[in-house]
Amino acid sequence: IAGITQAPTSQILAAGRRMTLRCTQDMRHNAMYWYRQDLGLGLRLIHYSNTAGTTGKGEVPDGYSVSRANTDDFPLTLASAVPSQTSVYFCASSGGGRGTGELFFGEGSRLTVL
Amino acid sequence: SQQGEEDPQALSIQEGENATMNCSYKTSINNLQWYRQNSGRGLVHLILIRSNEREKHSGRLRVTLDTSKKSSSLLITASRAADTASYFCATDWQAGTALIFGKGTTLSVSS
């Protein structure tokens, strides 16, 4: 049972570089989400997609972009990384099509921007 | 801004004791969910309670919801060392577009 796969699991990145965090799910869920988790701040929603072809901005979207070309993949791109984007990033999916159902999470991608 | 806020931030108990965590939220909701996160891992769904429900049970978990007070509580009975984790409540965001999370309660159960 794969569920949600995130890659890379960990990455150190120089400031100013471009980085794409990958997220793939095999549950055929309609909705997918990106959160970042920082100590003392909990999880914050970056972007979401309720169905393939559509995306929306979450609580903290600045500096990030997403695309949803198909049901399974939801990559998160940092066009020009900054140190404040150092965080653990979690991808999640939901079969309900919107955010009110149970979320399934990946194991996270730990990103350090120097 | 975050919708849900858990209280306390940290809780330390002995095995066999009960653990109670609280969540307060700001706006009306369709449902409220609780998640658990073991250190270094992704979150795992524990239980969902709908806005028209007042109490729900799942094994050693009991969740209550008081929509008039905009609050929920998670009770873990007869805690075990394996219950050591962070617990988060999650609520609707923007008419159910997504879920947003509180900052979590870190539970430590010692044997």
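Residues numbered from 1 in each chain as written. Chains lettered and ligands numbered in written order. Predicted model: local features only at pLDDT ≥ 70, side-chain atom pairs only at ≥ 80, totals over all residues. Heavy atoms only, no water.

Caption draft 1: Spatial organisation of the sheet that holds strand β8 (residues 71-76) of chain B. Residue and element names in this part refer to chain B. Taken together, the 5 strands give an open sheet; going across it, the order is β1-β3-β8-β7-β6, and neighbouring strands pair in antiparallel fashion. Each having just a single partner strand, β1 (5-7) and β6 (55-58) make up the two edges of the open sheet. Adjacent strand axes in the sheet meet at a mean angle of 20°, parallel and antiparallel pairs treated alike. Here 3 bridges tie β1 to strand β3 (residues 19-24), and the two strands are oriented antiparallel to one another. (Pairing = 2+ DSSP bridges. Helix = DSSP H or I, 4+ residues; strand = E, 2+ residues; numbered from the N terminus. Axes fitted to C-alpha atoms, helices over the stretch in contact; angles between N-to-C directions.)

Caption draft 2: Highlighting the nonpolar core. Judged by nonpolar contacts, the single largest core of 21 residues is most densely connected at Met-21, Leu-32, Trp-34, Leu-74, Ile-76, Tyr-87 and Leu-107 of chain B. Here Tyr-87 of chain B is in contact with Glu-6, Met-21, Tyr-35, Arg-36, Leu-46, Leu-74, Ile-76, Gly-104, Thr-105 and Leu-107 of chain B, once residues within four sequence places are set aside. Judged by nonpolar contacts, the second largest core, of 20 residues, contains Leu-43 and Ala-92 of chain A together with Tyr-35 and Ala-98 of chain B. (Core = buried A, V, L, I, M, F, W, Y, C linked by side-chain atoms within 4.5 Å. Buried < 20%, exposed > 50% of the residue type's maximum accessible area, 1.4 Å probe, protein only. Contact = heavy atoms within 4.5 Å.)

Caption draft 3: Examining the pattern of salt bridges more closely. All names here are of chain A. Counted according to the given criterion, the structure contains 7 salt bridges over all chains. Here Asp-38 makes a salt bridge to Arg-36, at a shortest N to O gap of 2.8 Å. Among the ionic pairs, Arg-44 bridges to Asp-38, the shortest N-O distance being 2.9 Å. A network of salt bridges, in which partner residues are shared, links Arg-36, Asp-38 and Arg-44. (Salt bridge = Lys/Arg side-chain N within 4 Å of Asp/Glu carboxyl O.)

Caption draft 4: Up close: the side chain of Thr-77 of chain A. For Thr-77 of chain A, the position within the fold is in strand β8 (residues 76-78). Apart from residues no more than four positions distant in its own chain, Thr-77 of chain A is found in contact with Arg-18, Met-19, Thr-20, Gly-63, Tyr-64 and Ser-65 of chain A.

Caption draft 5: The state of the cysteines, seen in detail. All names here are of chain A. Under the definition given, this model contains 2 disulfides over all chains. Through a disulfide, Cys-23 is tied to Cys-91; the S-S separation comes to 1.9 Å. Residues Cys-23 and Cys-91 are joined by a disulfide whose S-S torsion is about -75°; by sign, that bridge is left-handed. Of the two residues, Cys-23 is situated in strand β3 (residues 19-25) and Cys-91 in strand β9 (residues 87-94); the sequence distance between them amounts to 68 residues. (Disulfide = S-S within 2.5 Å.)

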